[in-house]
Amino acid sequence: MENKVYFETLGCAKNQVDSEIMLAVLQAGSYVLTPRPEEARVIVVNTCGFLSSAVEESIQRILTLAEYKTQGNCQALVAAGCMITRYRERLLKEIPELDGLMGTSDYTRILGLVTQILGQQERVSLLEPRPRYSEANDLAPRLLSGSGVGAYLKIAEGCSNGCSFCNIPALRGGFRSKAIATVVQEAKSLLGQGVKELTLISQDTSSFGLERGETLKALLEELLKEPGDYWLRLLYAYPNRFPLGLLDLMGADARLVPYLDMPIQHIADGILKKMNRKITGRQIRQLLGTARAKLPSLALRTSLIVGFPGESESDFQALLNFVEEGWFDHLGVFVYSDEDNIPSRKLSPKVEPTVAEERRERILAAQQEVSLKRNQKQIGQIQKVLLEGVSEETDLLLQGRNARQAPEVDGVVLINEGEAQAGSFARVEIIEAHPYDLVGRIIEG
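Computed from a predicted model, the values in this text were never measured in an experiment.

Enquirer: What should I look at first to understand the overall build of the protein chain in this one?
Expert: A count of helical and extended segments in the protein chain gives 15 helices and 19 strands. In summary, the protein chain has a C-alpha radius of gyration of 22 Å against a globular reference of 22 Å for 445 residues, a match within 12%. A principal-axis box enclosing the C-alpha atoms of the protein chain has dimensions of 65 × 60 × 45 Å. Per-residue burial for the protein chain yields a buried fraction of 55% across its 445 residues.

Right, here's the structure in full:
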């Protein structure tokens, strides 16, 4: 029987990178990736364990894919990632269909895990006592799972900020940066494969290198030494340690796109304190004001949480007013989830779920108006757009992104006139604007 493997990745972009490491390891071990789970001898689900809703989704996908053990060729069903670190060996008892578990430490061990399951016909668990940083992951090759136009570049693992609503330290361990030389080596490899955009990710990009005497600015300067026409983009920049000097670098080299994803979570001081965010609402406004003044072309994205324990109507109104001020081009809003492994679970009073959901909808509606106004200002501009291929909405349109749009989380530029190859940059005139997407036509020459 040919060794085919089917992979399913749930959760964040960091999970995608981990899956690409496992895929490369299995491919080197003579496994062939298939998009059809019924064909696969091995099925791997890289799970998310951040929220209960993500855990439920992960379990449902495992149970659905388990059907291929009787209706397909599957001989090894493996679950990896954050949900496994969160619930550990109890999953083998509660989900008897599972043959193997792997946590969030050394993903290069996936081949040995699968080989042991298939060879000895036994269930195998590869879990560390606690999440452990593995340099093996840093040096491992990746099999890109996307279009190849862009790729995520993970520059650090874990988090040490201790936000009261977050269980990442328990799932991924404390913050550990990769060495600059290691990141640069991986970036060169990805660019050599034809990747045109590298999106730098971690749980706290602002803190890169600090624990080892290096800095994010030094990393970016090294990355930009690589010649070529490509983009670098920053996600997950923690606000209270963000080095404002990076904005000068953005202004000096257009390849470091003027885009910043900075999750602030809230603006009310009382809530920020309960969240253990180590910053005040006034400091957030000062930071954003300074950033906008230094780099007027800067596109800003943020993430917010509504319904945090103790969030009063006045706290929420302060947040809503802040959003209506129009600071952000893009914004995500999450309803607080009272997980069983986070410090804020002990806080009260709880906000009723219906109230929290209504608050989320009001924030999104306010931001939609802001985003539309910001997008309308781009009409008539000729922008550099990275072509991704045919639109996900219709084969009649091409799809790309400008420097102000991050992959997967922001809108896109829909192109209704002109032709260009996926993976190329094109000059595009913006002719329509919507709250999320732009519409444009390719300008020749």
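Enquirer: Would you mind going over helix α10 (residues 216-223) with me for this structure?
Expert: Residues that lie three or four places apart on an α-helix share one face, since the helix turns once every 3.6 residues. Along α10, the residues classified as buried are Leu 216, Leu 219, Leu 220 and Leu 223. All buried residues of α10 project into a common sector of 95° when viewed along the axis, lining one side. Along its buried surface, α10 packs onto α9 (180-192), β10 (197-201), β11 (231-234), α11 (245-252) and β12 (256-261).

Enquirer: Teacher, can you tell me more about the sheet that holds strand β3 (residues 42-47) here?
Expert: Two modes of strand pairing occur in sheets, parallel and antiparallel, and in both the strands are linked by backbone hydrogen bonds. Ordered by their spatial adjacency, six strands build an open sheet running β2-β1-β3-β4-β5-β6, and the pairing between neighbours is parallel. A single partner strand is all that each edge strand has here, and the edge strands are β2 (32-33) and β6 (124-126). Two elements, strand β1 (residues 4-9) and β2, share two bridges in a ladder whose sense is parallel. Opposite Val 5, over in β2, you have Leu 33 as the bridge partner. Those strands touched by helix α1 (residues 13-28) are β1, β2, β3, β4 (76-81) and β5 (100-102), and its axis lies near 175° from that of β1. Against the sheet, helix α2 (residues 52-66) touches β1, β3 and β4, its axis set at about 175° to β3.

Enquirer: Would you explain the nonpolar core in this entry?
Expert: It is characteristic of soluble globular proteins that their nonpolar side chains tend to be buried jointly. Of all hydrophobic cores here, the largest spans 54 residues; its most connected members are Leu 198, Leu 200, Leu 219, Leu 220, Leu 232, Leu 260 and Ile 363. Of all the elements, α9 adds the most residues to this core, at six residues. Residues in contact with Leu 232, not counting those within four places in the same chain, are Leu 198, Leu 200, Leu 220, Leu 223, Leu 224, Arg 255, Leu 256 and Val 257. One finds Leu 23, Val 78, Ile 110 and Ile 117 within the second-largest nonpolar core, a separate group that totals 23 residues.

Enquirer: Quick question: what am I supposed to make of the pattern of salt bridges here?
Expert: Pairing between side chains becomes possible if they bear opposite charge and their charged atoms approach one another. Tallying each qualifying case throughout the model produces 41 salt bridges. Residue Lys 4 pairs with Glu 39 through a salt bridge whose shortest N-O separation is 3.3 Å. Of this pair, Lys 4 sits in strand β1 while Glu 39 sits in the loop between β2 and β3, placing them 35 residues apart in sequence. Owing to a relative accessible area of 22%, Lys 4 belongs among the partly exposed residues under this scheme. Note that Arg 362 is salt-bridged to Glu 358, the shortest N-O span being 3.7 Å. Residue Arg 362 and its partner Glu 358 are located together in helix α15 (residues 353-376), separated by four residues, close to a single helical turn.

Enquirer: Got a minute to help me understand the pairing of strand β16 (residues 398-402) in this structure?
Expert: Both faces of the sheet carry side chains from a regular strand, because those side chains alternate between them. Among the five residues of β16, five are classified as buried, and the element is accordingly described as predominantly covered. The alternating pattern of β16 places Leu 398, Gly 400 and Asn 402 on one face and Gln 399 and Arg 401 on the opposite face, and all of these are buried. Of the strand pairs in this sheet, strand β15 (residues 382-390) and β16 are connected by five bridges, and their pairing is antiparallel. Within β16, the residue paired with Leu 386 across the bridge is Arg 401. Relative to strand β17 (residues 413-417), β16 runs antiparallel, the two being bridged by three bridges. Note on β17: the bridge partner recorded for Gly 400 is Val 413.

Enquirer: Would you take a moment to explain the pairing of β15 for this structure?
Expert: The sheet contact formed by β15 and strand β18 (residues 425-433) spans five bridges and is antiparallel. In the strand pairing of β18, Lys 384 is matched with Arg 427.

Enquirer: Explain the packing of aromatic side chains to me, please; I cannot follow it from the model alone.
Expert: For any pair of aromatic rings, the description consists of the separation of the ring centres together with the inter-plane angle of the planes. Within this structure, the stated rule accounts for four aromatic pairs. When the centroid spacing of 5.0 Å and the interplanar angle of 55° are considered together, the rings of Trp 231 and Phe 425 count as tilted. In this pair, Trp 231 is assigned in strand β11 and Phe 425 in strand β18, connecting sequence segments 194 residues apart. Exposure class is identical for Trp 231 and Phe 425. Each is buried. Put simply, the rings of Phe 322, Trp 327 and Phe 328 pair up and form one aromatic cluster. It is Lys 14 that lies over the ring of Tyr 236; its NZ or CZ is 3.7 Å from the centre. When the ring centre of Tyr 259 is taken as origin, the NZ or CZ atom of Arg 233, which lies over that ring, is 4.7 Å away.

Enquirer: Explain the packing of α1 against helix α6 (residues 110-120) to me, please; I cannot follow it from the model alone.
Expert: Packed helices, taken two at a time, are described by their axes: the angle between them and the distance between them. Where α1 contacts α6, the axes come no closer than 8 Å and their chain directions differ by 55°. Here α1 lies oblique to α6, going by the angle between them. Across from Met 22, Val 25 and Leu 26 in α1, the residues of α6 making contact are Ile 110, Leu 111 and Val 114. Here the contact of α1 with α6 is built from residues that sort into six nonpolar, no polar and no charged.

Enquirer: What am I meant to see in the environment of Leu 101 here?
Expert: In this structure, Leu 101 sits in strand β5. Classification of Leu 101 as buried rests on a relative accessible area of 0%. Once the C-alpha coordinates of Leu 101 and Asn 240 are considered, the two residues, 139 residues apart in sequence, prove to be 37 Å apart. When sequence neighbours within four positions are dropped, the list of residues in contact with Leu 101 reads Ala 79, Ile 84, Arg 88, Glu 89, Leu 91, Leu 92, Leu 113, Val 124, Ser 125, Leu 126 and Leu 127.

Definitions and cut-offs
- Residues numbered from 1 in each chain as written.
- Predicted model: local features only at pLDDT ≥ 70, side-chain atom pairs only at ≥ 80, totals over all residues.
- Heavy atoms only, no water.
- Helix = DSSP H or I, 4+ residues; strand = E, 2+ residues; numbered from the N terminus.
- Rg over C-alpha atoms; globule rule 2.2 N^0.38 Å.
- Buried < 20%, exposed > 50% of the residue type's maximum accessible area, 1.4 Å probe, protein only.
- Arc of directions from axis to C-beta.
- Contact = heavy atoms within 4.5 Å.
- Pairing = 2+ DSSP bridges.
- Axes fitted to C-alpha atoms, helices over the stretch in contact; angles between N-to-C directions.
- Core = buried A, V, L, I, M, F, W, Y, C linked by side-chain atoms within 4.5 Å.
- Salt bridge = Lys/Arg side-chain N within 4 Å of Asp/Glu carboxyl O.
- Phe/Tyr/Trp six-rings, centres within 6.5 Å; stacked < 30°, edge-to-face > 60°.
- Lys NZ or Arg CZ within 6 Å of the ring centre and 35° of its normal.
- Parallel < 35°, antiparallel > 145°, perpendicular 65-115°, else oblique.
- Nonpolar A, V, L, I, M, F, W, Y, C, P; charged D, E, K, R; others polar.

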